[in-house]
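Examination of the molecular architecture
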Amino acid sequence: MAVQNARSPDGALHVLGHQLGSRLPIDILTTHYPDRHGQVLLNIALSRSVDTALRRRAAVLAQRPQDVLSQCVTADLARREQERTRRLEDRLESLLAHHTLEEVLVCAARALPSRHVGSAVSPS
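Quick caveat: nothing in here was measured; it's all calculated off a predicted structure.

**Side note on the pattern of salt bridges**
Under the definition given, this model contains six salt bridges. Residue aspartate 76 is joined to arginine 80 by a salt bridge in which the shortest nitrogen-to-oxygen separation is 2.7 Å. Here arginine 80 and aspartate 76 lie together in helix H3 (residues 65-98), a separation of four residues that amounts to about one turn. One salt bridge in this structure joins arginine 86 and aspartate 90, with 3.1 Å as the shortest N-O distance. Of the two residues, arginine 86 and aspartate 90 are both situated in helix H3; the distance of four residues between them amounts to about one turn of the helix. By relative accessible area, which is 44% here, aspartate 90 ends up partly exposed. Within the structure, one salt-bridge network assembled from shared partners comprises Asp76, Arg79 and Arg80.

Okay, structure coming up:
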């Protein structure tokens, strides 16, 4: 993660891309910032090769590049959520193979108060 002062998200991406591009193999840089309505916006700067591939795919699909990128990001997020759910179900099945449902529920109930309310749990 890097923090870069700039007058705009595009400006920050440009400066970072220029500074880091010669030092690191970077395909995509992003900024995340809230708009006036509190929605988090994603600003993306693509490398030339990624931009070219995205434009080609958009042309084949007769869509705008930003729409193709949006669909790819949305599909990937859905895929990751399905994988997380599957992993959780697999772990639960493993627990239930060795413990009763009541034991698992009691253990989960005991663990819940130790979690901070509203804290984000990182995907594994």
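**Focus on a nonpolar patch on the surface**
Together, Leu92, Leu95, Leu96, Leu101 and Leu105 make up a nonpolar patch on the protein surface, roughly 420 Å² of accessible area in all. Of all the elements in the fold, those that place two or more residues in the nonpolar patch are H3 and helix H4 (101-111). Ranked by the residues each element gives to the nonpolar patch, the list is headed by H3, at three residues. Inspection of the secondary structure puts leucine 95 in helix H3.

**Overview of the confidence of the model for the chain**
Low pLDDT means the predicted atomic positions in that stretch should not be read closely. In this model, the chain carries an average pLDDT of 82, and 83% of its residues clear a pLDDT of 70 or more. Mean pLDDT across the secondary structure elements of the chain bottoms out at strand S1 (residues 28-34), with 70, and peaks at helix H2 (residues 48-61), with 94.

**Describing the environment of proline 65**
Position of proline 65 among the secondary structure elements: in helix H3. Taking the C-alpha atoms as reference points, proline 65 and alanine 53, separated by twelve residues in sequence, lie 9.7 Å from one another. Once residues within four sequence positions are removed from consideration, proline 65 is found in contact with Leu54, Arg55 and Ala58.

**Some points on the packing of H2 against H3**
Between H2 and H3, the least distance of the axes is 8 Å, while the angle of their chain directions is 100 degrees. Relative to H3, the element H2 is oriented roughly perpendicular. Between H2 and H3, the contacting residues are Leu54, Arg55, Arg57, Ala58 and Leu61 on the first element and Pro65, Val68, Leu69 and Cys72 on the second.

**Quick word on unusual backbone geometry**
Non-glycine residue alanine 62 carries a positive phi angle of around 55 degrees. Relative to the assigned elements, alanine 62 resides in the loop between H2 and H3. Residue alanine 62 is classed as exposed on the basis of its relative accessible area, which comes to 73%.

How each quantity is defined
Residues numbered from 1 in each chain as written. Predicted model: local features only at pLDDT ≥ 70, side-chain atom pairs only at ≥ 80, totals over all residues. Heavy atoms only, no water. Salt bridge = Lys/Arg side-chain N within 4 Å of Asp/Glu carboxyl O. Helix = DSSP H or I, 4+ residues; strand = E, 2+ residues; numbered from the N terminus. Buried < 20%, exposed > 50% of the residue type's maximum accessible area, 1.4 Å probe, protein only. Patch = residues over 30% accessible without salt bridge, like charges linked within 9 Å, V, L, I, M, F, W, Y side chains within 5 Å. Areas by Shrake-Rupley, 256 points an atom, 1.4 Å probe, with all protein chains shown as cover. pLDDT = per-residue confidence, 0-100. Contact = heavy atoms within 4.5 Å. Axes fitted to C-alpha atoms, helices over the stretch in contact; angles between N-to-C directions. Parallel < 35°, antiparallel > 145°, perpendicular 65-115°, else oblique.

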